[in-house]
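# Secondary and tertiary structure notes
Here is what each chain is made of, one letter per residue.
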Number of protein chains: 2
Amino acid sequence: MRTQRSFQVRLASRPDGIPNREHWEIGWTDINSPSDGEVLIETAFISIDPAMRGWLREAKSYLPPVAIGEVMRAGGVGTVIASKHPDFREGEQVVGHTGVQTHALVPGGTLRKVNDNVAPLPAFLGPLGIPGLTAYFGMTEVGAVKQGDTVLVSAAAGAVGSIAGQIALNLGARRVVGSAGSDEKCRHIVEDLGFDAAINYKTEALGERISERCPEGLDVYFDNVGGDILDAALAHLRIRARVVLCGAISQYNDLEEVQGPRNYLSLLVRRARMQGFIVSDYAEQYGRAAEEIGGWLEAGTLNYRNTIVRGLETFPETFQRIFTGEKLGKLLIQVV
Amino acid sequence: MRTQRSFQVRLASRPDGIPNREHWEIGWTDINSPSDGEVLIETAFISIDPAMRGWLREAKSYLPPVAIGEVMRAGGVGTVIASKHPDFREGEQVVGHTGVQTHALVPGGTLRKVNDNVAPLPAFLGPLGIPGLTAYFGMTEVGAVKQGDTVLVSAAAGAVGSIAGQIALNLGARRVVGSAGSDEKCRHIVEDLGFDAAINYKTEALGERISERCPEGLDVYFDNVGGDILDAALAHLRIRARVVLCGAISQYNDLEEVQGPRNYLSLLVRRARMQGFIVSDYAEQYGRAAEEIGGWLEAGTLNYRNTIVRGLETFPETFQRIFTGEKLGKLLIQVV
């Protein structure tokens, strides 16, 4: 087999704020043939996620930081082109941590088979992938949503928020409201995704709007954003409410100056809880969850959108769209 | 029966910061004889608690605010001197919401009988009363403390904190550390109450000390204080830690400028939860809890201190000691 080359995005230096092109090193590298247990993948779509910002930090977190010079970590879906793992054969489609590159050598044990006869490949990085599973376990296990609940979701037009809100609806929530950063996104979550109402956090007064849209208060607040909307939601909790800490996109670029929730004492008066989670803690239940999500997709009670950008070389600018919000639903790079 | 007079402390105006003498109206008033269902109590000890600060606020909370001109709400223990409730007879000792007054007309249904043959009367306002029950349900139900846990308690020389830490020890915590505001209090919680270590939050660097005293991090943080120590504790959580929001004495006098916990994202990375509670939610289990606490008192594995101030007329200054910390254990006024 001739030497395989891979077009890669590597971390050149650690960013302080929003990463830009100078923090990345992009180009072709020779990669090895698979060793025992490894699989060589030609990637088709790469997932661009808020969590990637955390992996650029030097500090210890739930995963080790991406090292300087290392290929940027990312989820991806693609086709096996060579395999030394007994479970995978050439031509099979797989999803896993491929990194931001055209060709990836990955330990077979970390891959999952997918099939574009079941759903288009991007779905395995969206509702049937980590964002969908994150929404699922955040809403069911941490948020413990139940019939009749009133639910608020922030970043509701995003990959996780859009699914989280629809899962609440599928599970019998009485009222699901989402916040998003443009009128177009607000229209989308109500008209296309079935949310009961939307709040444009850039143009509307958060506290007033939550009072109006959820006059009885919130049973579940699913937070992807942090900052002002977390505080506004805390001020509107019902007794025994659950605040799901899924992310804090408004805070990720300056963790030295995080805005702590000043209304946290609402948790005390309302006997409420605020709880974080990491989706991989539920890895053993992924199969069951994906099956339930798949059922909703099939039934048409769960919808999703992708924003697909073509070409790995766009990664530095495409990644910035996570922070500027210039996207709808799941942000992906189509590799070729 | 001749007209009964009661020496009372009434709310004269709503304080902004720490209440002082001008916010109170103190003097004698005629009170009625008991109507059907009521009991007339001569109070012996009045409980002085941080929660009382919250009742002075106009805002809706878990209890209605004390109205201007109304007798200040407080727990108290005393003796029945007249009763029109079938369950209570003259001479019986009772605990309940008597208010800050020498004689109180109280609906019998809200009273509980006590007996100074079982324990000294102040114990029914301490370990066997609301502070003890608060510590109990906070540590067991909300903190879900279990064998082998590392536990940090703030305001650990106070009425609730001192009991909370000892309950953790009784339930098999591996290590219980308390914070307090003087070397004397620190000595007390280690030498008299059996805590494993103490941190003087006024003179020691909180973060460093927590790292030193709890090198493996915290499974439970029982927070009575808020502010800096809450943030320091959040930075030291273990995976699946529980932060019990019991109070926030450092924040009560200026709720317009609450210090939000900037390290709250530690809840996400550590899959931890922060949860508030109100002890009265567990009222149906008070009997069982008081029995278990009583067992520890008898066995000598739970100790407590009182700071007793004589005379209801001292109330304005005595109440301030909640905020200045000039007390050890439970703060009480001995009525006569």
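Refer to the structure presented above.
Described in the following lines is the structure provided in the data block. (Residues numbered from 1 in each chain as written. Chains lettered and ligands numbered in written order. Predicted model: local features only at pLDDT ≥ 70, side-chain atom pairs only at ≥ 80, totals over all residues.)

## Quick word on the relation of the copies chain A and chain B
In the superposition of chain A on chain B (RMSD 0.0 Å, axial shift 0.0 Å), the rotation amounts to 180°. Accordingly, the operation relating the two chain copies is best matched by a two-fold axis. Nearest to the rotation axis, the C-alpha of Gly260(A) is located 2.1 Å from it, this being the minimum over chain A. The overlap is high: 100% of the interface residues of chain A also sit at the interface in chain B, so the same surface is used on both sides. (Least-squares fit on C-alpha atoms with pLDDT ≥ 70 in both. Contact = placed C-beta atoms within 7 Å.)

## Quick notes on the environment of Ala235(A)
Residue and element names in this part refer to chain A. Among the structural elements, alanine 235 can be located in the loop between helix H6 (228-234) and strand E12 (237-245). The exposure class of alanine 235 is partly exposed, given the 18 C-beta atoms found within 10 Å. Separated by 182 residues in the primary sequence, alanine 235 and arginine 53 have C-alpha atoms spaced 29 Å apart. Sequence-distant contacts of alanine 235, that is, excluding residues within four places in its chain, are made with Gly207, Asn263 and Ser266. (Helix = DSSP H or I, 4+ residues; strand = E, 2+ residues; numbered from the N terminus. Buried ≥ 20, exposed ≤ 12 C-beta atoms within 10 Å, placed from the backbone.)

## Re the nonpolar core
The biggest cluster of nonpolar side chains holds 212 residues, and the ones touching the most others in it are Ala168(A), Ala233(A) and Ala233(B). Setting aside residues no more than four positions away along its own chain, Ala233(B) makes contact with Leu152(B), Ile210(B), Leu218(B), Tyr221(B), Asp223(B) and Val243(B). (Core = buried A, V, L, I, M, F, W, Y, C linked by C-beta atoms within 7 Å.)

## Things to note about the sheet that holds strand E13 (residues 273-276) of chain B
Read from one edge of the open sheet, 12 strands run E10(A)-E9(A)-E8(A)-E11(A)-E12(A)-E13(A)-E13(B)-E12(B)-E11(B)-E8(B)-E9(B)-E10(B), paired in mixed fashion. This sheet does not close on itself; its edge strands, each paired only once, are strand E10 (197-200) of chain A together with strand E10 (197-200) of chain B. If you compare each strand with its neighbour and ignore which way they point, the axes differ by 15° on average. Note: strand E9 (residues 175-180) of chain A against E10(A), 4 bridges, orientation parallel. Looking across to E10(A), one finds that Ser179(A) is bridged to Ile199(A). Its contacts with the sheet place helix H5 (residues 206-213) of chain A against strand E8 (150-153), E9 and E10 of chain A, and it is angled at close to 175° to E10(A). (Pairing = 2+ DSSP bridges. Axes fitted to C-alpha atoms, helices over the stretch in contact; angles between N-to-C directions.)

Such coordinate-based values are descriptive only and should not be taken to indicate function.
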